[in-house]
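# Fold and geometry: a report
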Amino acid sequence: MNPPTNNLKGAALMAAAAVFFATEVLFIRWMTLRGIPTEVQLASRAFGQLLWVMPTMLVSGIGVFRTKRAPMHVFRGMSSLICWGLYYYSFTRLDMATGTVLSFTNVMFTTMLAGVLLGERVDRWRWTGTIVGLVGVAVMLRPGAQIDWIGAAAAIGAAIAWCGITVTSRMLTTTETTKTVLAWVGLVTFSGVLPFAIHAWVPLNLGDMALMLLVAIICPGIIFLVTEALRAGEASAIAPFQYLRIVVVAVAGWVLYGEVPDLFGWIGAAIILGGAMVVTIAEARRK
């Protein structure tokens, strides 16, 4: 029997995940201002992923990595590494609200690829949300817009790389256990970023080390909160709560750093969020 649905609990957990997502953005900005290289920031996050799966790895031993689909696990891990690398880098060049909004375009790109790579039926609502979202991107990145194009390209690149995570995760979960997927992700991302982190390393004080350890411990918990939220409530009812993070990020960016996107930036952001919400709800109801 399926467990009873608790949409209130699911909404609370999804809202908590949104706050954690926003907190990660604040951590990125804080670490960047303190002169901590992006590569080192990524290494701390990847190390955190390993910490979260370490208990499972200690119990299961090397057997947790046993698989017949190692190349796909590596591809999924590299997609994760590229996604988070570009995501972190985008916030070194963009204001926090703009970078966060552009990250939501991942649902549009996933929709476009789902039919081709997964053979999924993409209904008119998902296509409508996708087209609307892309119009919002065009508004934000219009000619003459006061926006860093390199940062915007990094944010959109991260959203595209997220599709690799989504598509490969759907493929892997048909044959692999969650603990095997997570173990491979932790191994690939940490080993992949470690050489870059060593090359970019700068001397850090105890405060910086403590800050990175905090990131390592907290940020991987986002996936746990999202998973538990979807386990507790109906996806169509609770999925929209993930968009609360733009509110938290926008307010924090304004209060702490005086970051305020221009009028067209807000209009584009509203269009993107509207399209993303349409796709998210349509996807949730499809399931």
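Each chain has its residues counted from 1, following the order in which its sequence is written. Reporting of local features is limited, given that this is a predicted model, to residues whose pLDDT is at least 70; pairs of side-chain atoms are given and counted only at 80 or more, and all residues count toward the totals for whole chains, interfaces and linings. The basis for every side-chain value is the complete set of heavy atoms in the structure, and neither hydrogens nor water enter the calculation.

### Side note on the pattern of salt bridges
Side chains that carry opposite charge are capable of pairing whenever their charged atoms lie near each other. One side-chain nitrogen of Lys or Arg within 4 Å of one carboxyl oxygen of Asp or Glu is enough to make a salt bridge. Under the counting rule described, the total for this entry stands at 5 salt bridges. Asp208 is the salt-bridge partner of Arg34, the closest N and O atoms lying 2.4 Å from each other. Pair noted here: Arg34 is in the loop between helix H1 (7-33) and helix H2 (38-60) and Asp208 is in helix H9 (residues 206-218), with a separation of 174 residues, a long-range link. Exposed residues in this analysis have more than 50% of their type's maximum accessible area, buried residues have under 20%, and partly exposed residues fall in between, with area computed by a 1.4 Å probe over protein chains only. Asp208 sits in the buried class, given a relative accessible area of 5%. In this text, helices come from DSSP runs of H or I with a minimum length of four residues, and strands from runs of E with a minimum of two, each type numbered from the N-terminal end.

### Considering the side chain of Thr100
In this fold, Thr100 is placed in helix H4 (residues 96-103). In this structure Thr100 comes out as buried when scored by relative accessible area, which is 0%. Ignoring sequence-local partners within four residues, the contact set of Thr100 consists of Val25, Phe91, Arg245, Ile246 and Val249. What makes two residues a contact is simply this: any of their non-hydrogen atoms within 4.5 Å.

### Remarks on the packing of aromatic side chains
Given two aromatic rings, one states the distance between the centres and the angle between the planes to describe the pair. Paired rings are identified among Phe, Tyr and Trp, the last through its six-membered ring, by centres lying within 6.5 Å, and are further divided according to the angle between planes into stacked (under 30 degrees), edge-to-face (over 60) and tilted (the rest). Going through the model one piece at a time under the given rule, you end up with 9 aromatic pairs. On the basis of an interplanar angle of 85° and a centroid distance of 6.5 Å, the ring pair of Trp84 and Tyr88 is categorised as edge-to-face. With Trp84 and Tyr88 both in helix H3 (residues 70-90), this residue pair falls 4 residues apart, about one helical turn. Think of it as a cone above the ring: NZ of Lys or CZ of Arg counts as a charge over the ring if it is within 6 Å of the ring centre and within 35 degrees of the ring normal. Looking at Arg29, its charged tip hangs above the ring of Tyr257, at a distance of 5.7 Å from the centre. Of note, Arg45 hangs over the ring of Trp84, and the distance from its end group to the ring centre comes to 3.9 Å.

### Thoughts on the confidence of the model for the protein
Confidence scores labelled pLDDT are given residue by residue by the predictor and lie between 0 and 100. Here the protein averages 85 in pLDDT, while 94% of its residues score no lower than 70. By mean pLDDT, the top-scoring element of the protein is H3 (93), and the lowest-scoring one is helix H11 (residues 235-238) (69).

### Describing the environment of Leu256
Position of Leu256 among the secondary structure elements: in helix H12 (residues 244-257). Overall, Leu256 belongs to the exposed group, its relative accessible area being 55%. Considering only alpha carbons, one finds Leu256 and Ile217, 39 residues apart in sequence, at a separation of 24 Å.

### What to know about the nonpolar core
Core analysis: the largest hydrophobic core is formed by 28 residues, its most contacted members being Met31, Tyr87 and Tyr88. Taken together, the elements giving at least two residues each to this core come down to H1, H2, H3, helix H8 (178-200), H9 and H12. When residues in this core are grouped by element, the largest group, 6 residues, is from H1. Ignoring anything within four residues of it in the chain, the contact list for Tyr87 reads Phe21, Glu24, Val25, Ile28, Ser103, Ala158 and Arg245. In this text, buried Ala, Val, Leu, Ile, Met, Phe, Trp, Tyr and Cys residues form a nonpolar core when linked through side-chain atoms within 4.5 Å. Grouped together as the second largest cluster of nonpolar side chains are 26 residues, Leu94, Val107, Ala155 and Ile246 included.

### Comments concerning the packing of H1 against helix H10 (residues 221-232)
Relative placement of two packed helices is described by the angle separating their axes and the distance separating the axes. Axes, fitted as lines to C-alpha atoms, cover a helix only where it is in contact. Angles between the N-to-C directions of the axes lie from 0 to 180 degrees. The geometry of H1 relative to H10 is characterised by a closest axis approach of 8 Å and an angle of 165° between their N-to-C directions. Judged by the inter-axis angle, H1 sits roughly antiparallel to H10. Both H1 and H10 take part in a crossing whose hand is left-handed. Along its contact with H1, which presents Lys9, Gly10, Leu13, Met14, Ala16, Ala17, Phe20, Phe21 and Glu24, the element H10 presents Ile222, Leu225, Val226, Glu228, Ala229, Leu230 and Ala232. Asp, Glu, Lys and Arg are counted as charged, while Ala, Val, Leu, Ile, Met, Phe, Trp, Tyr, Cys and Pro are counted as nonpolar; the rest, among them Gly, fall into the polar class. Per-class residue counts for the contact of H1 with H10 are 12 nonpolar, 1 polar and 3 charged. The scheme is simple: roughly parallel for angles under 35 degrees, roughly antiparallel for over 145, roughly perpendicular for 65 to 115, oblique for anything else. By the definition used in this description, the sense in which the near helix is turned from the far one sets the handedness, with an anticlockwise turn below a right angle giving left-handed and a clockwise turn giving right-handed.

### Focus: helix H6 (residues 124-140)
Multiply 1.5 Å by the residue count of a helix minus one, and that product is the helix's expected span. Taking 1.5 Å as the rise per residue, H6 with 17 residues should run 24 Å; its terminal C-alpha atoms sit 24 Å apart, in good agreement. Of all the residues in H6, the buried ones are Arg126, Gly129, Thr130, Gly133, Gly136, Val137, Val139 and Met140.

### A closer look at H12
Between the first and last C-alpha of H12 there are 20 Å, a value that for 14 residues agrees with the 20 Å anticipated at 1.5 Å per step. Arg245, Ile246, Val249, Ala250, Ala252 and Gly253 are the residues of H12 that are buried. Gly258, located one to two residues past H12, shows a positive phi value of around 65°.

### Thoughts on the environment of Arg121
With respect to the secondary-structure elements, Arg121 resides in the loop between helix H5 (106-118) and H6. Judged by its relative accessible area of 66%, Arg121 falls in the exposed class. When the C-alpha positions of Arg121 and Gly35 are compared, they lie 46 Å apart, and in sequence the two are 86 residues distant.

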